Amino acid sequence: MAQVTFRQARPEDIVRLNAALRDLSDSMGDTHRTSDADLAQAAFGAMPVIHAELAETDGAVVGVAVYSPLFSTTRGMTGAYVSDLWVDDTLRGQGLGARLLGAVRDRTKAQWGAGFLRLAVYDDNPRAIAFYTRLGFSTAPGDIYMTLEGTALTAVGGDL
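So, a few notes on the structure that sits alongside this text. As the structure is a prediction and not an experimental result, all values here were calculated from the model. (Residues numbered from 1 in each chain as written. Predicted model: local features only at pLDDT ≥ 70, side-chain atom pairs only at ≥ 80, totals over all residues. Heavy atoms only, no water.)

1. What to know about the pattern of salt bridges
Side chains that differ in charge, positive against negative, can pair when their charged atoms come close.
(1) Moving on: If you walk through the whole model with that rule in mind, you get 8 salt bridges.
(2) Moving on: For Arg-16, the salt bridge goes to Glu-56, with nearest N and O atoms at 2.7 Å. In this pair, Arg-16 sits in helix α1 (residues 14-28) while Glu-56 sits in strand β2 (residues 51-57), placing the two residues 40 residues apart along the sequence.
(3) Moving on: Taking the relative accessible area as the measure of exposure, Arg-16 reaches 30% and is therefore partly exposed.
(4) Moving on: For Arg-105, the salt bridge identified is with Asp-106, shortest N-O distance 2.8 Å.
(5) Moving on: Relative accessible area serves as the criterion here: at 44%, Asp-106 is assigned to the partly exposed category.
(6) Moving on: Connected via shared salt-bridge partners are Arg-7, Asp-13, Arg-16 and Glu-56. (Salt bridge = Lys/Arg side-chain N within 4 Å of Asp/Glu carboxyl O. Helix = DSSP H or I, 4+ residues; strand = E, 2+ residues; numbered from the N terminus. Buried < 20%, exposed > 50% of the residue type's maximum accessible area, 1.4 Å probe, protein only.)

2. A closer look at the pairing of strand β3 (residues 60-72)
Remember that side chains alternate between the two faces of the sheet whenever the strand is regular.
(1) Moving on: Counting buried residues along β3, 10 of its 13 residues qualify, which places the element largely inside the surrounding structure.
(2) Moving on: The pairing of β2 with β3 spans 7 bridges and is classified as antiparallel. Residue pairing for β3: Thr-57 is matched across the bridge by Ala-60.
(3) Moving on: Counting the residues between successive antiparallel strands, the hairpin from β2 to β3 contains 2 residues, one of them, Asp-58, with a positive phi of roughly 50°.
(4) Moving on: Two strands pair when backbone bridges link them, and β3 and strand β4 (residues 77-87) are joined in this way by 10 bridges, in the antiparallel orientation. Considered in β4, the bridge of Leu-70 is made with Gly-79. (Pairing = 2+ DSSP bridges.)

3. Observations regarding the packing of α1 against helix α2 (residues 36-44)
(1) Moving on: Look at α1 against α2: their axes get within 9 Å of each other, and the N-to-C directions meet at 110°. The orientation of α1 with respect to α2, classified from their angle, is roughly perpendicular. Only Asp-36, Leu-39, Ala-40 and Phe-44 of α2 make contact with α1, whose side of the interface consists of Ile-14, Val-15, Leu-17, Asn-18 and Leu-21.
(2) Moving on: Of the residues belonging to the contact of α1 with α2, the class tally is 7 nonpolar, 1 polar and 1 charged. (Axes fitted to C-alpha atoms, helices over the stretch in contact; angles between N-to-C directions. Parallel < 35°, antiparallel > 145°, perpendicular 65-115°, else oblique. Contact = heavy atoms within 4.5 Å. Nonpolar A, V, L, I, M, F, W, Y, C, P; charged D, E, K, R; others polar.)

4. So, the packing of aromatic side chains
(1) Moving on: Inspection of the entire model under this criterion finds 3 aromatic pairs.
(2) Moving on: Both rings, one in Tyr-67 and one in Trp-112, keep their centres 6.2 Å apart while their planes meet at 45°; by these two values the pair is tilted. Here Trp-112 lies in helix α3 (residues 96-112) and Tyr-67 lies in strand β3, a separation of 45 residues in the sequence.
(3) Moving on: On the accessibility criterion, Tyr-67 (0% relative accessible area) is buried.
(4) Moving on: For the cation-ring pair, Arg-75 lies above Phe-116, with the distance from its terminal atom to the ring centre recorded as 4.7 Å. (Phe/Tyr/Trp six-rings, centres within 6.5 Å; stacked < 30°, edge-to-face > 60°. Lys NZ or Arg CZ within 6 Å of the ring centre and 35° of its normal.)

5. Things to note about the sheet that holds strand β5 (residues 117-119)
(1) Moving on: The strand order across the open sheet formed by 5 strands is β1-β2-β3-β4-β5, and the pairing between neighbours is mixed. Bordering the open sheet on either side are β1 (5-8) and β5, each of which pairs with just one other strand. The sheet shows a mean angle of 30° between the axes of neighbouring strands, taken without regard to direction.
(2) Moving on: Where β4 lies against β5, 3 bridges are found, and the strand directions are parallel. Bridged to Tyr-81 within β5 is Arg-118.
(3) Moving on: The strands that α1 touches are β1, β2, β3 and β4; relative to β3, the one it contacts most, it runs at about 85°.

All we've got here are geometric facts, nothing functional implied.
What follows is the structure, encoded as structure tokens:
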């Protein structure tokens, strides 16, 4: 593998960061709705809600991890939620995904004292499940992640 460097994304990286995330969405069959402006606001607006770690080789982005802080009362600590992990097709299987997660671990430990990583994986993606399992990620019995959005989000709490 060529020399890979890791660094936190900067505002001037938005176009390349979003291109990598678009590639991730495409490879998973997902619709990519995030514009460069949306991503810039989320990462570098008045109150950033995401961070991104970039892996680069010769100035080209070859890996991305997008993450945000979370707090677990049952663990009694802060962690990091990894919402997106992408590795260029040409470098898959060479350990870059694990190195990106290690970079997220180190950065979040230094920035906000994170003591764990959490992520979600599609149940129809056995390759990703096997990868995360090999790294030591585990499922918590009984955990079901649920999402409230759209009209249901608008309506919640309206009849109190």
